[in-house]
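# Descriptive structure summary
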Amino acid sequence: MSSERSYIMRKKIGLIIAAALTITSMLASLEGGVAKGKLVVYHAGSLSVPFEELSDAFEDTHPGVEVLCESGGSAMMISKSITLERAGENPPDIIASADYALIPGRLYEDGYADFYIAFARNEMVLCYRDHAPFSGSIASGERTWYDVLRNERVTYGHSNPDLDPCGYRTLMLIQLAQKYYFGEAANFGLTPDPEAQELYDALIPGDGHKRGRYGSGGEAVSRKSVDLISTLQSGDLDYAFEYRSVATQHGLNFIELHPAINLSQIGIMGDTALTYEDFYGSSGVEIEKKPGLYVAENGKPIVYGITIPENAPHKHLASEFILLLLEDQGREIMEANGQLNVIPPVCDHPENLPPQLKEAIYG
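What comes next concerns the included structure. These numbers come from a predicted model, not from an experiment.

Rules used throughout
- Each residue is numbered by its place in its chain's sequence as written, counting from 1.
- Given that the model is predicted, a residue must reach a pLDDT of at least 70 before its local features are reported, and side-chain atom pairs must reach 80 or more before they are shown or counted; all residues, however, enter totals for whole chains, interfaces and linings.
- Side-chain measures here rest on the full set of heavy atoms in the structure, leaving out hydrogens and waters.
- Surface patches are defined over residues having more than 30% relative accessible area and no salt bridge, joining like charges when they lie within 9 Å and nonpolar side chains (Val, Leu, Ile, Met, Phe, Trp, Tyr) when within 5 Å.
- Areas reported here follow the Shrake-Rupley algorithm with a probe of radius 1.4 Å; residue values treat only the protein chains shown as occluding.
- Salt bridges are defined by distance alone: a side-chain nitrogen of Lys or Arg within 4 Å of a carboxyl oxygen of Asp or Glu.
- The charge count treats Lys and Arg as positive and Asp and Glu as negative. His and the chain ends do not count.
- One atom stands in for each charge, and that atom is NZ of Lys, CZ of Arg, CG of Asp or CD of Glu.
- The helix and strand labels rest on DSSP assignments: H or I over at least four residues marks a helix, E over at least two residues marks a strand, and numbering proceeds from the N terminus.
- Three labels apply to residues, based on accessible area from a 1.4 Å probe with only protein chains included: buried if under 20% of the type maximum, exposed if over 50%, partly exposed otherwise in between.
- Detection works on a 1 Å grid of protein atoms alone, calling trapped sets that fit a 1.4 Å probe cavities and calling open sets with protein on both sides within 12 Å along at least five of seven lines pockets, with lining residues defined by an atom within 4 Å of a point.
- Grid points are joined across faces, edges and corners, and a volume is the space filled by probe spheres set on the points.
- When DSSP locates at least two bridges between a pair of strands, those strands are taken to pair.
- A fitted line through C-alpha atoms serves as each axis, taken over the contacting stretch for helices, and the angle formed by two N-to-C directions is quoted from 0 to 180°.
- For this analysis, residues touch if any pair of their heavy atoms sits within 4.5 Å.
- Residue classes follow a fixed rule: Ala, Val, Leu, Ile, Met, Phe, Trp, Tyr, Cys and Pro count as nonpolar, while Asp, Glu, Lys and Arg count as charged, and any other residue, Gly among them, counts as polar.
- Nine residue types can take part in a nonpolar core, namely buried Ala, Val, Leu, Ile, Met, Phe, Trp, Tyr and Cys, and a core is a set of them joined through side-chain atoms within 4.5 Å.

## Side note on a negative patch on the surface
A surface patch of negative charge is lined by Glu52, Glu53, Asp56 and Asp60. Relative to the helices and strands, Asp56 resides in helix α2 (residues 48-61). Judged by relative accessible area, which is 42%, Asp56 ranks as partly exposed.

What follows is the structure, given as structure tokens:
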């Protein structure tokens, strides 16, 4: 039997086992009409605080259910879910990614999922530890953040771009900063700043796919962005690129970045027709999708996506959890933790939504 046929056969067997386990789990999850069991949620590290609050709220209304949340870099968590299915085990009940595009990009091809709901937005900021060198000069506007990171003996961190969207978004924002403040400055009515010339090479040194994965000089690389919080708080790291929500949730000092580079804008914002979406798309990073297989990822606004895997064992409970997220209580929790809601939420394949989610979103 060819290796391809063998893989297909293993996959079919795994799906049959998963389906059987799902049926068994569904039958066992109800006791006297009350939902019972464990709801497993894989989510981006930047969702840890709001999802912990959501889990508490869900358990309050579902006393027989225990919500088990596991966080990490979005790409890493999606890969873990795929690995479980290929081993014939149950995937999580819910996957929430800091980049909605990872869901169709990594789960649709082999039938692991067939829809996503875009539910939240974010933006990139530069966090700094208490008394970080030259942070006062940046905050006052006396010096630019990139001037300090490039020319002073400071340390700065970001997450691994292959494991965490915050990592490749950091690389993109530095590319955009080079364009905005130097290469294409005239297009934005700015005087080119020589300190932004070749900024990407200066802050993210290295060759090929090693760039941004191992760190060099003052650059530090972590597995996921939230790992940088403890090193900032301990004083072992001076600066770190994070999501605004993470900075807000953990009480970190941070410097706001210009909308042209912080990946925050979606279409027309407020009363202005100015949008940077096309400009974001001029940045790009090659991400390792599978071992040895790199795929180009271009810059776009930071939008979070959520899905229920096709073979999730507790689909009904998963739908109810997502309903909580999308309703007023869930939106309030997200906003209180520094994340903007996508209102109304957007689904790419409404025909594949569970009935209760389709009703909630589309009426």
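There's plenty left to go through after this.
## Here's the deal with the layout of surface pockets
Roughly 390 Å³ of volume is contained in the largest pocket. Residue lining of the largest pocket: 16 residues in total, with Ser79, Arg106, Lys289, Lys290 and Pro291 positioned closest to the centre. Per element, the largest residue contribution to the lining of the largest pocket is 6 residues, and it comes from helix α3 (residues 74-86). When its volume is computed, the second largest pocket comes out at roughly 250 Å³. Contributing to the lining of the second largest pocket are Tyr100, Tyr116, Ala118, Arg121, Ile266, Glu277, Pro301, Val303, Val342, Ile343, Pro344 and Val346.

## A short note on the sheet that holds strand β10 (residues 239-243)
With mixed pairing, the 5 strands of this open sheet are ordered in space as β9-β8-β10-β7-β11. Each edge of the sheet is formed by a strand with only one pairing partner; in this case those strands are β9 (219-222) and β11 (253-256). Ignoring strand direction, the axes of neighbouring strands in this sheet form an average angle of 35 degrees. Sheet topology note: the strand β8 (residues 156-159)/β9 ladder contains 4 bridges and is parallel. When the bridges of β9 are listed, Tyr156 appears paired with Glu219. Across the face of the sheet, helix α9 (residues 227-234) comes into contact with β7 (124-128), β8, β9 and β10 while running at roughly 140 degrees to β10.

## Notes on the packing of helix α12 (residues 315-326) against helix α13 (residues 328-336)
It is the contact of α12 with α13, at a shortest axis distance of 4 Å, that shows an interaxial angle of 65 degrees. Of α13, the residues touching α12 (which contributes Leu324, Leu325 and Leu326) are Asp328, Gln329, Gly330, Arg331 and Met334. Here the residues of the contact of α12 with α13 are counted per class, giving 4 nonpolar, 2 polar and 2 charged.

## What about the nonpolar core?
Nonpolar side chains in soluble globular proteins tend to be buried together. Ranked by size, the top nonpolar core spans 102 residues in total, and within it Leu39, Phe51, Ile117, Phe119, Trp145, Tyr239 and Ile261 carry the most contacts. With 10 residues, the top contributor of residues to this core is helix α7 (residues 165-183). When near neighbours in sequence (up to four residues on either side) are disregarded, Leu39 contacts Phe58, Val65, Glu66, Val67, Leu68, Asp93, Ile94, His314, Leu317, Ala318 and Phe321.

## Some remarks on unusual backbone geometry
Put simply, Ile343 and Pro344 share a cis peptide bond, and its omega is -5 degrees. You can see Pro344 is positioned in strand β15 (residues 340-347).

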